[in-house]
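# Overview (structure and organization)
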Amino acid sequence: MPARYRAPRRGRSTFGNPMARIAGMRSLAQLYRHFGEVDAAGTSPLYERIAFALSESDEALRAIETAPARKRHPTVILAALHDLALAGRAPALAAAYAAADGDAAAGAAIDALLRMTDAVVANAVRRPHRAGETGRCAVLYPAIAEAARRAGADAIGLIDVGCSAGLNLNVDRVGITYDNGQSLGDPSSPVQLSSSFRGDRPIPTLAMPEVVARIGVDLDPVDVTDAAQARWLRACVWPDQPDRLARLEAELALAATVPPLLLRGDAVELLPDAFAQVPADALPVVTTTWALSRFSLESRLRFLHRLDEAATGRAVAWVSAEGVGVAPSIPTLGDRRASGHSIIGLAVFGQSALRAEAIGRCWSQGRLLAWLAES
């Protein structure tokens, strides 16, 4: 185990533009301190302590600065360090995490970062940070079932855009309990989710039709059957959140039993290939959950056009959970952009016309849900 952590004395950088580097390091230090004070505080004592330690170490900040600017965020660097610990390359950090020792973890994190800067940066650059996915099923399940009801579908093919590891594609194979007493899905599934409910209109308790195709489209999808890629998903879970890790393990095991078809590349360009994988007698249901914000406005409109094109021979449904005003054609209900919640949208494309509706609101990526559509 490393020595108990003590913040190193601040020193002045001697290379590059000294004033610019000092200003940059101060800004980076503020970012890490804010992460410790706000994001990790009360949620992850380990990351709270490590973030403070990194913010106070000029050596650590200089190491982080070697990563591209967009890859310097605490969640990315901490995940890269966690991955090294899980891979057995930073045993002192792994031991500190296991012992929930914040001081030891802070010292071990700085030591690992300084000894293996290139490996940390390579991890951060090579792999995008992955947020939890399956919690979104509390939103997706009732919306997909409603889409199938409106289209009169007995079978569906799921196409998840921005799928990451494709965990959303198991939406029909999980159990979901809402705090108003309603439940959906499989009560015997190893993956059990919970969500809070707001409002007076109940969630429809429709059963989801048979899922006959599971296709994920992502610029950099994660293959859950690949050990290194699955380890990265674990690394993105904060080490002192055992409940989240246990749920992820169950999700990975469930996904590995029926691995989805993963298409790598631009979603707009690959949508026709994805539609081709859905049997002709099944309803294609495209899902986007906080994915379209990464698209330009032009790409969002082209995405909508692709859905319309695919509906020339059969109905196509689109279920979305996106920030207010992000999903084209989905009503905003008069809500303001960046209002802290998202709109659950349902659009059915047919030969006659597009029918698009806002069927709910949700907060915290599905942990709180309000249903608006009539049953």
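Quantities reported herein were computed from a predicted structural model and do not represent experimental measurements.

## Digging into the pattern of salt bridges
In total, this model carries 17 salt bridges according to the counting rule given. E37 serves as the salt-bridge partner of R33, at 3.9 Å between the closest nitrogen and oxygen. Of this pair, R33 and E37 both sit in helix α1 (residues 18-39), separated by 4 residues, roughly a single helical turn. Using a relative accessible area of 46% as the deciding quantity, one classes E37 as partly exposed. Across the pair R149 and E146 runs a salt bridge whose closest N-O atoms are separated by 2.7 Å. Of this pair, R149 and E146 are both found in helix α8 (residues 137-151), 3 residues apart, which corresponds to roughly one turn of the helix. Look at R149 and you get partly exposed, because its relative accessible area is 44%.

## Things to note about the nonpolar core
I144, I156, L158, V171, I176, V285 and V319 are the most contacted members of the largest nonpolar core, which has 40 residues in total. Sorting elements by how many residues they give to this core places α8 first, with 9 residues. Residues within four places of I144 in sequence aside, it is in contact with I156, L158, V171, M208, V285, T287 and V319. In terms of nonpolar packing, the next biggest core, distinct from the first, is built from 39 residues, I64, V76, L81 and W238 among them.

## A short note on helix α6 (residues 102-115)
Taking 1.5 Å of rise per residue, 14 residues should cover 20 Å, and α6 covers 20 Å from first to last C-alpha, within 8% of that figure. Burial within α6 is extensive, with 10 of its 14 residues counted as buried. G102, A104, A105, A106, G107, A108, A109, I110, A112 and L113 are the residues of α6 that are buried. Buried residues belonging to α6 abut α2 (45-55), α3 (58-65), α4 (74-86), α5 (91-99) and α7 (117-126). A side-chain oxygen of the first residue of α6 lies 3.3 Å from the backbone nitrogen of D103; this N-cap is D101.

## Focus on unusual backbone geometry
Glycine aside, residues mostly have negative phi angles, and peptide bonds mostly take the trans form. Phi is positive for W290, which is not a glycine, with a value near 50°. In this fold, W290 is placed in the loop between β7 (283-289) and α12 (297-310). Taking relative accessible area as the criterion, W290 reaches 15% and is therefore assigned buried. If you check the backbone angles, S329 has positive phi at about 80° while not being a glycine. Topologically, S329 is positioned in the loop between β8 (316-323) and β9 (342-349).

## Details of the packing of α5 against α6
One can describe the packing of α5 onto α6 by two numbers: an axis separation of 8 Å at closest approach and a directional angle of 160°. In terms of orientation, α5 lies roughly antiparallel with respect to α6. Considering the relative orientation of α5 and α6, their crossing is left-handed. From α5, A92, L93, A96 and Y97 reach across to α6, where they touch A104, A105, A108 and A109. Grouping the amino acids of the contact of α5 with α6 by side-chain chemistry returns 8 nonpolar, no polar and no charged.

## Quick look at the confidence of the model for the chain
Averaged over all residues, the pLDDT of the chain equals 90, while 91% of them reach at least 70. This model gives residues 1-16 a pLDDT under 50, and the stretch forms 34 contacts once residues within four places in sequence are excluded.

Reading guide: rules and limits
- Residues numbered from 1 in each chain as written.
- Predicted model: local features only at pLDDT ≥ 70, side-chain atom pairs only at ≥ 80, totals over all residues.
- Heavy atoms only, no water.
- Salt bridge = Lys/Arg side-chain N within 4 Å of Asp/Glu carboxyl O.
- Helix = DSSP H or I, 4+ residues; strand = E, 2+ residues; numbered from the N terminus.
- Buried < 20%, exposed > 50% of the residue type's maximum accessible area, 1.4 Å probe, protein only.
- Core = buried A, V, L, I, M, F, W, Y, C linked by side-chain atoms within 4.5 Å.
- Contact = heavy atoms within 4.5 Å.
- Expected span 1.5 Å × (residues − 1).
- Polar contact = N/O pair within 3.5 Å; in protein donor to acceptor, adjacent residues only side chain to side chain.
- Axes fitted to C-alpha atoms, helices over the stretch in contact; angles between N-to-C directions.
- Parallel < 35°, antiparallel > 145°, perpendicular 65-115°, else oblique.
- Left-handed = near helix turned anticlockwise from the far one by under 90°.
- Nonpolar A, V, L, I, M, F, W, Y, C, P; charged D, E, K, R; others polar.
- pLDDT = per-residue confidence, 0-100.

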